[in-house]
Amino acid sequence: RLTKSAVSGLSDSSPPLEVDYSFVAPAYAKRAGELWLLRPRVMGQKGSVVMEGDKRVYPVEFDATTLQTDTFEIEIPKGVELDEVPAGIDITYDFGEYHSRIQKLGNTLKYSRSYQIKELVVPTSRLNEVQKFYRQIAREERIAAVLKTTAGGE
């Protein structure tokens, strides 16, 4: 349920476009026995399987250079605590970068990431690097934090 939204940077092209929103997603974490699994990347997908299979003849062409950042803050309810917080990742190639961080801040799990494409064209000789880049992102997007019920909790 969307609870708040705002957009800035629409009328002036010099600052980046920003979309801020808040929403509530009850029962977002999935129960796994005595533990709960919570995917910090709440929305959006950057990782994908790129050109798997057939031999590629043409270079990889991106639509545009871009820098996209996301920050998700997930409130951990009373009676539940973080048991395992996955490490973020840093992936750097000359054509693109991806960085993520996961932090516990009080009763909040904060996930932030940045995705950047720096070159419009990557030659076919570097296809393996592009594929590895996107596979690593896709794997990171599926990670889960582990929560456990505390004494007096559910």
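Residues numbered from 1 in each chain as written. Predicted model: local features only at pLDDT ≥ 70, side-chain atom pairs only at ≥ 80, totals over all residues. Heavy atoms only, no water.

Student: Even after reading the chapter, I still don't get the environment of A27, so can you show me in this structure?
Tutor: As for its position among the elements, A27 is in the loop between β2 (18-23) and β3 (30-32). Sequence spacing of A27 and L38 is 11 residues, and the spatial spacing of their C-alpha atoms is 9.9 Å. (Helix = DSSP H or I, 4+ residues; strand = E, 2+ residues; numbered from the N terminus.)

Student: Just to check I follow, could you spell out helix α1 (residues 127-141) for this structure?
Tutor: At 3.6 residues per turn, the α-helix brings residues three or four places apart onto the same side. Taking 1.5 Å per residue, 15 residues should reach 21 Å; α1 reaches 21 Å between its end C-alpha atoms and fits that length. Among all positions of α1, only L127, V130, Q131, F133, Y134, I137, A138, E140 and E141 are buried. (Expected span 1.5 Å × (residues − 1). Buried < 20%, exposed > 50% of the residue type's maximum accessible area, 1.4 Å probe, protein only.)

Student: What should I look at first to understand the nonpolar core in this one?
Tutor: Within soluble globular proteins, side chains that are nonpolar generally end up buried alongside one another. If you look at the biggest cluster of nonpolar residues, it comprises 28 residues, and the most contacted ones within it are Y98, L109, Y115, F133, Y134, I137 and L147. Sequence-distant contacts of F133, that is, excluding residues within four places in its chain, are made with I91, Y93, F95, G96, E97, Y98, Y115, Q116 and I117. (Core = buried A, V, L, I, M, F, W, Y, C linked by side-chain atoms within 4.5 Å. Contact = heavy atoms within 4.5 Å.)

Student: Any chance you could explain the layout of surface pockets here in plain terms?
Tutor: Put simply, the largest pocket is a space of about 1300 Å³. Around the largest pocket, the lining comprises 35 residues; the ones closest to its centre are F23, V42, F72, E73 and I74. Every element with two or more residues in the lining of the largest pocket is listed here: β2, β4 (35-38), β6 (66-75) and β12 (145-149). The element that contributes the greatest number of residues to the lining of the largest pocket is β6, accounting for nine residues. Residue classes in the lining of the largest pocket are distributed as 21 nonpolar, six polar and eight charged. (1 Å grid on protein atoms, 1.4 Å probe; cavity = no way out; pocket = protein on both sides within 12 Å on 5 of 7 lines; lining within 4 Å. Points joined across faces, edges and corners; volume = space filled by probe spheres on them. Nonpolar A, V, L, I, M, F, W, Y, C, P; charged D, E, K, R; others polar.)

Student: What am I meant to see in the pattern of salt bridges here?
Tutor: Opposite charge on two side chains lets them pair, provided their charged atoms get close. Considering all chains together, one arrives at eight salt bridges under this definition. Residue D83 is joined to K148 by a salt bridge in which the shortest nitrogen-to-oxygen separation is 3.5 Å. On the criterion of sequence distance, the pair formed by D83 in strand β7 (residues 80-84) and K148 in strand β12 is long-range, its members being 65 residues apart. Here E97 makes a salt bridge to K118, at a shortest N to O gap of 2.8 Å. Residue E97 is located in strand β9 (residues 96-105), and its partner K118 is located in the loop between β10 (108-117) and β11 (121-122); the two are separated by 21 residues in the primary sequence. Assessed through its relative accessible area of 19%, E97 is described here as buried. Owing to a relative accessible area of 31%, K118 belongs among the partly exposed residues under this scheme. One connected set of salt bridges, linked through shared partners, spans D70, R113 and E141. (Salt bridge = Lys/Arg side-chain N within 4 Å of Asp/Glu carboxyl O.)

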